[in-house]
Amino acid sequence: MTRFGYACISDLLGVTTSRTCRLASATPDRLRALIETNLSALMTILEHNRAHDWGLFRIGSGVIPFGSHPVNTLTWDQEFAPQLQAIGRFALRHDMRLSMHPGQYTIINSPNPDVRRASVAELAYAARFLDALGLPAEHKLVLHVGGVYGDKPAALARFAAEANRLPDAIRRRLVVENDDRHYTLADALEISARTGLPVVFDNLHDRMNPSPQPPEALLPHVFATWGGAHGVPKVHFSSQAPGERPGKHAAFADAGEFHAMLDLCGRYGDFDLMLEAKAKDTALQTVLAAQYSGKAV
């Protein structure tokens, strides 16, 4: 059965998992208070999701403010172990799958070694957070490939080489996603072949930046990158925001497109679907109501 979810913020509750502060204000006491608030918010959201039978959720990277920055010297995974473990137990008890998606500045194929080091630190922090929850490897870190830097084959090869050098604590959770500008689904599959990383299919990115082959030809190979400890395949769905720049997520999902995505992916086996929409769980509730009332058929 497909698990559905959304990212970072509950629009219905008005709750976020990423409250933060300015770097200059990031004292240990301030960070402790923010972590306490964010972990409480995360549990609130998961309880809300459970009540709606939504089994997928992306945790904001700011759940531990400045988690990969030297200013955060807290041993937060020890200090907040009871809260973290309670969240993980709740997720496991209710068959929820959690993930994180480090941001646009997490670029392991950058030619700048300082950027690469900072990117690995961000991935290590995210893996540490999911480890602190006590979650197995199917709870993933989603990453885009990065830039092309004037030489796409070299940049792709650099990503693969850097990914293969990552510690196992990161590698066992890392998955690669096609993007809307540089790296197609076919490129992501090439990286998977070089690294063993699973591939996340994003429908809108594929529409903006298509592979030579249609998704129907590639999805069997995408789904084959998953399984075992990685869990079932994970896909991202969004609709284009009307009148906005190409690739911008709409506030809500187009019900017909959503139905088509379910039909397409369902041909190849079980999968989990993350809705990327500005209206978050309001959008998910709306499109699922349309889907299961038959309006999207």
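Residues numbered from 1 in each chain as written. Predicted model: local features only at pLDDT ≥ 70, side-chain atom pairs only at ≥ 80, totals over all residues. Heavy atoms only, no water.

A. Inspection of the overall build of the chain at higher detail. Per the secondary structure count, the chain includes 11 helices and 10 strands. A compact globule built from 297 residues should have a C-alpha radius of gyration of about 19 Å, and the chain, at 19 Å, falls within 12% of that. C-alpha extents for the chain along the principal axes are approximately 50 × 50 × 40 Å. Expressed as a percentage of the 297 residues in the chain, the buried residues total 53%. Working note: accessible area of the chain is about 12,500 Å², and carbon and sulfur atoms make up 54% of it. A distance of 4 Å separates the average location of the 30 positive side-chain charges in the chain from that of its 31 negative side-chain charges. (Helix = DSSP H or I, 4+ residues; strand = E, 2+ residues; numbered from the N terminus. Rg over C-alpha atoms; globule rule 2.2 N^0.38 Å. Buried < 20%, exposed > 50% of the residue type's maximum accessible area, 1.4 Å probe, protein only. Areas by Shrake-Rupley, 256 points an atom, 1.4 Å probe, with all protein chains shown as cover. Lys, Arg positive; Asp, Glu negative; His and termini not counted. Charge placed at Lys NZ, Arg CZ, Asp CG, Glu CD.)

B. Spotlight on the nonpolar core. Counting residues in each nonpolar core, the largest one holds 79 residues, and the members touching the most others are Ile59, Trp76, Met100, Phe129, Leu133, Phe159 and Leu273. In terms of residues, this core owes the most to one element, helix α1 (residues 28-51), which gives nine residues. Each residue touching Leu133, except ones within four places of it in the same chain, is listed here: Ile59, Leu84, Ile87, Gly88, Arg89 and Leu98. (Core = buried A, V, L, I, M, F, W, Y, C linked by side-chain atoms within 4.5 Å. Contact = heavy atoms within 4.5 Å.)

C. Inspection of the pairing of strand β10 (residues 272-275) at higher detail. Every second residue of β10 is oriented toward a common face, with Asp272 and Met274 on one face and Leu273 and Leu275 on the other, all of them buried. Two strands pair when backbone bridges link them, and strand β1 (residues 4-7) and β10 are joined in this way by two bridges, in the parallel orientation. Counterpart to Gly5 in the pairing with β10 is Met274. In this structure, strand β9 (residues 234-237) lies alongside β10, joined through four bridges in parallel fashion. Following the sheet pairing, Lys234 is matched in β10 by Asp272. (Pairing = 2+ DSSP bridges.)

D. Structural context of unusual backbone geometry. The phi dihedral of Tyr149 is positive, around 55°, even though this residue is not glycine. Structurally, the position occupied by Tyr149 is in the loop between β6 (141-144) and α5 (152-165). For Tyr149, a relative accessible area of 39% translates into the label partly exposed. You will see that Lys280, though not glycine, has its phi angle at about 50°, which is positive. Here Lys280 lies in helix α11 (residues 280-293).

E. Up close: the side chain of Asn49. Position of Asn49 relative to the elements: it lies in helix α1. Assessed through its relative accessible area of 0%, Asn49 is described here as buried. Ignoring sequence-local partners within four residues, the contact set of Asn49 consists of Tyr6, Trp54, Leu56, Phe57 and Met96.

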